[in-house]
Amino acid sequence: QKEVEQDPGPLSVPEGAIVSLNCTYSNSAFQYFMWYRQYSRKGPELLMYTYSSGNKEDGRFTAQVDKSSKYISLFIRDSQPSDSATYLCAMSEVYGQNFVFGPGTRLSVLP
Amino acid sequence: NAGVTQTPKFQVLKTGQSMTLQCAQDMNHNSMYWYRQDPGMGLRLIYYSASEGTTDKGEVPNGYNVSRLNKREFSLRLESAAPSQTSVYFCATTGTSYDDYEQYFGPGTRLTVT
């Protein structure tokens, strides 16, 4: 079993839809949780960062962490074609070190 | 302010050849990382360097060596390339202050070994 699992996709949704992206993990020591967006042929860029359990909102994006279930989610509201990318979850035990990444979910938002 | 730069962008090697991937950052960060990205596997850590003069193995270090030349530069060397090392390689850095936790990635090097 991989340490971090993620729905592989690809996922196609119409413009304006609400998108839910999810990761599960096995290491209960993870405390720092991140979502990265990666456009084709580019390096990943940080979208959201959450410490421990709870929700965090930034514009159209909401990150949720449920440590009791070892489950994290990223919600995208009013999805846009520019959101089409691969989304990677990442987590670590220690602040700023030893990130473990999920395999990524490819999202296409169709106009 | 270029952030994280990587050279070359593309490379084709024959099995057994060697090469060095270069990474440089101008963000004054202590920590630097080398990852490889393969379809369906996500990003896997090859080596990392918590500070100048130190390096540690990550998840998939076999077949690679690294050098932390100074605070700015972290290179990855393939001594004898194998087809299994065909991948996209990303260098990244991380700040160490509470408000600079993000990993900043370079644009990647696409390597094909034939």
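Residues numbered from 1 in each chain as written. Chains lettered and ligands numbered in written order. Predicted model: local features only at pLDDT ≥ 70, side-chain atom pairs only at ≥ 80, totals over all residues. Heavy atoms only, no water.

(A) Summary view of the overall build of chain A. Across its full length, chain A holds 0 helices and 11 strands. If you list the helices and strands of chain A from N to C, you get β-β-β-β-β-β-β-β-β-β-β. Taking 2.2 N^0.38 as the reference for a compact globule, 111 residues should give roughly 13 Å; the C-alpha atoms of chain A span a radius of gyration of 13 Å, in line with that estimate. The C-alpha extent of chain A, read off along each of the three principal axes, is 40 × 25 × 25 Å. By the burial criterion, 47% of the 111 residues in chain A qualify as buried. (Helix = DSSP H or I, 4+ residues; strand = E, 2+ residues; numbered from the N terminus. Rg over C-alpha atoms; globule rule 2.2 N^0.38 Å. Buried < 20%, exposed > 50% of the residue type's maximum accessible area, 1.4 Å probe, protein only.)

(B) Region of interest: the sheet that holds strand β8 (residues 71–76) of chain A. All names here are of chain A. Pairing is antiparallel across the open sheet formed by 5 strands, whose spatial order is β1-β3-β8-β7-β6. Every interior strand has two partners, whereas the edge strands, β1 (4–6) and β6 (54–58), have only one. Across the sheet, the axes of successive neighbouring strands diverge by a mean angle of 15°, strand direction being ignored. With 6 bridges joining them, strand β7 (residues 61–66) and β8 adopt antiparallel strand pairing. (Pairing = 2+ DSSP bridges. Axes fitted to C-alpha atoms, helices over the stretch in contact; angles between N-to-C directions.)

(C) Seen up close, the interface of chain A and chain B. Listed as interface residues are 18 residues of chain A and, on the opposing side, 23 residues of chain B. Roughly 1,700 Å² of surface becomes buried between chain A and chain B when both sides are summed, with 55% attributable to carbon and sulfur atoms. Run the count over chain A and chain B and you get 0 salt bridges. Those elements that place two or more of their residues in the side of chain A that touches chain B are β4 (32–38) and β5 (45–51) of chain A. Of the residues contributing to the side of chain A that touches chain B, the split by class is 9 nonpolar, 6 polar and 3 charged. (Contact = heavy atoms within 4.5 Å. Buried area = accessible area lost by both parts, 1.4 Å probe. Salt bridge = Lys/Arg side-chain N within 4 Å of Asp/Glu carboxyl O. Nonpolar A, V, L, I, M, F, W, Y, C, P; charged D, E, K, R; others polar.)

(D) Just the pairing of strand β9 (residues 85–92) of chain A, in detail. Residue and element names in this part refer to chain A. The element β9 is extensively covered by neighbouring structure, given that 7 of its 8 residues are classed as buried. Pairing analysis gives 3 bridges linking β9 to strand β11 (residues 105–110), with the strands arranged antiparallel. Bridging across to β11, Thr86 finds its partner in Arg106. Relative to strand β10 (residues 100–101), β9 runs antiparallel, the two being bridged by 2 bridges. Counterpart to Ala90 in the pairing with β10 is Phe101.

(E) Layout of the sheet that holds strand β7 (residues 64–68) of chain B. All names here are of chain B. Taken in spatial order, the 4 strands make up an open sheet running β1-β3-β8-β7, and their pairing is antiparallel. One side of each edge strand has no neighbouring strand; the edge strands of this open sheet are β1 (4–7) and β7. The mean inter-strand angle of the sheet, taken between neighbouring strand axes irrespective of direction, is 15°. Where β1 lies against strand β3 (residues 19–25), 4 bridges are found, and the strand directions are antiparallel.

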